[in-house]
Amino acid sequence: MAGSEFWASLTHRPTQLKFLLFLCVVCIVCLLVFDGKINYQWDEMLFSKDSIGNETTEVAANATARESNASENLLDMATKCSPMQYILFLKTHKAGSSTVTNIFFRYGDSRDLSFVLGDDTLIGWPTRFRLGQALAFDGTRPNFLCSHTRFNKKTMNHLFPKDTSRYITIVRNPVAQFESIFNYMGMGEVYGLGKDPTGSLKAFLKKGIEFKDITKTRSSRLVRNPMLFDLGMDYKFYQNAGAVKEYIASLEKEFDLVMISDYFDESVVLMKRLLCWEFDDILYVKSNERFDKERGEVSEDVKENIRRWNKADMLLFEHFNQTLWRKIEMEGEGFYNDLAMFRRKKAELKDLCFTNETSNQLMYGNKYAKMMTLKPNLPPETKVKCERMTRTENSYLAYLRTKRSSKLKGIFSAVPNEDDQEKVSWDVASDFKYDPV
């Protein structure tokens, strides 16, 4: 009934019906228009997604490029370094250290830098380094210590602070180094075994020596584990494996670079990178090289006995040989580019300065060594450069001591000695002349 009445009422109200139909039509039209807009916008998004993607990629690429440029700038800033000019080089006997010292002498001399010097080639050796063993300082911090002395951590750290200095030393395969020391120092004669370089070495190694005999002469301290002796280890610990390993570990903390004489070029290029020097700063020719007749013939048995007698030095060498190659690996491919460039420059230097002949050069006392011969008629500037390469350590030290004295003359000789009555008298003035009552 209610439904019939409702429809009956609508038939009697045509105006309301028309209005209701009109609303329905309007709603349908609105829905169709809105749906069209949605589809149009969706299609537009679909068709334009490639361009949006391209814009996004371009923005990302620009951001990446900016980051890359910033990284490169930071890398450039990080890799730009200043040349290091405070260097302690701990020399070890017969390990190529004279050649390295010549590099430091030339670098420091050409820049008027200062050196710790002694009265002769050695500074206090075989005792550990002390300040009082060196010639007087001028009150400023020295740039180099590269004379023969013995490592002393506390004193050296005071003179060359670790945070602003670089510590470098050099070691060599103990088989070759010990044979060289034994015969160069005349150990066969010291221990009554004769002069023959082969026979005396073989005889010595049959039983070695007793502990008390290591101090027989000054140089005889080098007759066992000579590298560790130069590096400051007490020889009473030579047969204590734990003490030796602990001391080697302490040396790794002290030295920024331990060069290996057997890989000299690689070591010198590493030094160049550590010190931020140029190739021309590290060019060298061999110094203090023995004549062949002074070398002993070393059989396999003798080699093995050298290793056993110098077991502590063997551990030292093996440790830092591994360290060297780890450092080289960390340097990356650029290291080998530098090495190739360095060797080219070395060959150019040899062609410029030297003939293929060698000459005898007096080194120490009555000791002579092989040295390359300068080419004749070199231009004056070139001749000076080449001569410095071949200058002996003693000659360079004498020159540096003279240079130092002339610089310090005004400091230490400014005031004449008042006891020298010929030069000093208060009668040069009479303002306060004594006039007793």
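Here goes a summary of the coordinates provided. Quantities reported herein were computed from a predicted structural model and do not represent experimental measurements. (Residues numbered from 1 in each chain as written. Predicted model: local features only at pLDDT ≥ 70, side-chain atom pairs only at ≥ 80, totals over all residues. Heavy atoms only, no water.)

**As for the pairing of strand β4 (residues 257-260)**
Part 1 of the reasoning: Covered by surrounding structure in β4 are Leu257 and Met259 together with Val258 and Ile260, the residues of both alternating faces.
Part 2 of the reasoning: Bridge count for strand β3 (residues 166-171) against β4 is four bridges, and the pairing is parallel. The partner of Thr169 across the bridge, within β4, is Val258. (Buried < 20%, exposed > 50% of the residue type's maximum accessible area, 1.4 Å probe, protein only. Helix = DSSP H or I, 4+ residues; strand = E, 2+ residues; numbered from the N terminus. Pairing = 2+ DSSP bridges.)

**Thoughts on a nonpolar patch on the surface**
Part 1 of the reasoning: Taken together, the side chains of Tyr263, Trp325 and Tyr336 define a hydrophobic patch exposed on the protein surface, amounting to about 280 Å² of accessible area.
Part 2 of the reasoning: For Tyr263, the location among the structural elements is in the loop between β4 and α10 (264-275). (Patch = residues over 30% accessible without salt bridge, like charges linked within 9 Å, V, L, I, M, F, W, Y side chains within 5 Å. Areas by Shrake-Rupley, 256 points an atom, 1.4 Å probe, with all protein chains shown as cover. Salt bridge = Lys/Arg side-chain N within 4 Å of Asp/Glu carboxyl O.)

**Description of the environment of Val116**
Part 1 of the reasoning: Tracing the backbone through its elements, the reader meets Val116 in the loop between α3 (97-110) and β2 (144-145).
Part 2 of the reasoning: Sequence separation between Val116 and Ser147 is 31 residues; the distance between their C-alpha atoms is 7.8 Å.
Part 3 of the reasoning: When sequence neighbours within four positions are dropped, the list of residues in contact with Val116 reads Ile123, Phe129, Ala134, Phe137, Pro142, Phe144, Leu145, Ser147, Leu159 and Phe160. (Contact = heavy atoms within 4.5 Å.)

**Focus on empty space enclosed by the protein**
Part 1 of the reasoning: Going through the model one piece at a time under the given rule, you end up with two cavities of 30 Å³ or more.
Part 2 of the reasoning: Estimated volume of the largest cavity: approximately 260 Å³.
Part 3 of the reasoning: Around the largest cavity, the lining comprises 18 residues; the ones closest to its centre are Ser114, Phe115, Asp138, Arg404 and Lys407.
Part 4 of the reasoning: Across the lining of the largest cavity, the residue classes tally to 10 nonpolar, two polar and six charged. (1 Å grid on protein atoms, 1.4 Å probe; cavity = no way out; pocket = protein on both sides within 12 Å on 5 of 7 lines; lining within 4 Å. Points joined across faces, edges and corners; volume = space filled by probe spheres on them. Nonpolar A, V, L, I, M, F, W, Y, C, P; charged D, E, K, R; others polar.)

**Re the sheet that holds β3**
Part 1 of the reasoning: Spatial strand order, β2-β1-β3-β4: four strands in an open sheet with parallel pairing. Either end of the sheet is taken by a strand with one partner, and the two such strands are β2 and β4.
Part 2 of the reasoning: Packed on one face of the sheet, helix α13 (residues 311-331) meets β3 and β4 and runs near 105° to β4. (Axes fitted to C-alpha atoms, helices over the stretch in contact; angles between N-to-C directions.)

**Some words on the packing of helix α5 (residues 174-184) against helix α7 (residues 197-204)**
Part 1 of the reasoning: Running from N to C, α5 and α7 point in directions that differ by 110°, and their axes come no closer than 10 Å. Classified by the angle between their axes, α5 and α7 sit roughly perpendicular to one another. α5 and α7 meet at a crossing whose hand is right-handed. Each of Phe178, Glu179, Phe182 and Asn183 in α5 lies in contact with α7, whose residues at this interface are Pro197, Ser200, Leu201 and Phe204.
Part 2 of the reasoning: Split by residue class, the contact of α5 with α7 holds five nonpolar, two polar and one charged. (Parallel < 35°, antiparallel > 145°, perpendicular 65-115°, else oblique. Left-handed = near helix turned anticlockwise from the far one by under 90°.)

**Topic: the side chain of Lys272**
Part 1 of the reasoning: Among the secondary structure elements, Lys272 is positioned in helix α10.
Part 2 of the reasoning: Given a relative accessible area of 11%, Lys272 falls into the buried group.

**Points about the state of the cysteines**
Part 1 of the reasoning: Considering all chains together, one arrives at two disulfides under this definition.
Part 2 of the reasoning: With its sulfur 2.0 Å from that of its partner, Cys81 forms a disulfide with Cys276. Looking down the S-S bond of the Cys81 and Cys276 bridge, the torsion is 90°, so its handedness is right-handed. Of the two residues, Cys81 is situated in the loop between α2 (14-79) and β1 (87-90) and Cys276 in the loop between α10 and α11 (279-282); the sequence distance between them amounts to 195 residues.
Part 3 of the reasoning: Under the relative-accessibility criterion, Cys81 is labelled partly exposed at 45%.
Part 4 of the reasoning: Look at Cys276 and you get buried, because its relative accessible area is 16%. (Disulfide = S-S within 2.5 Å.)

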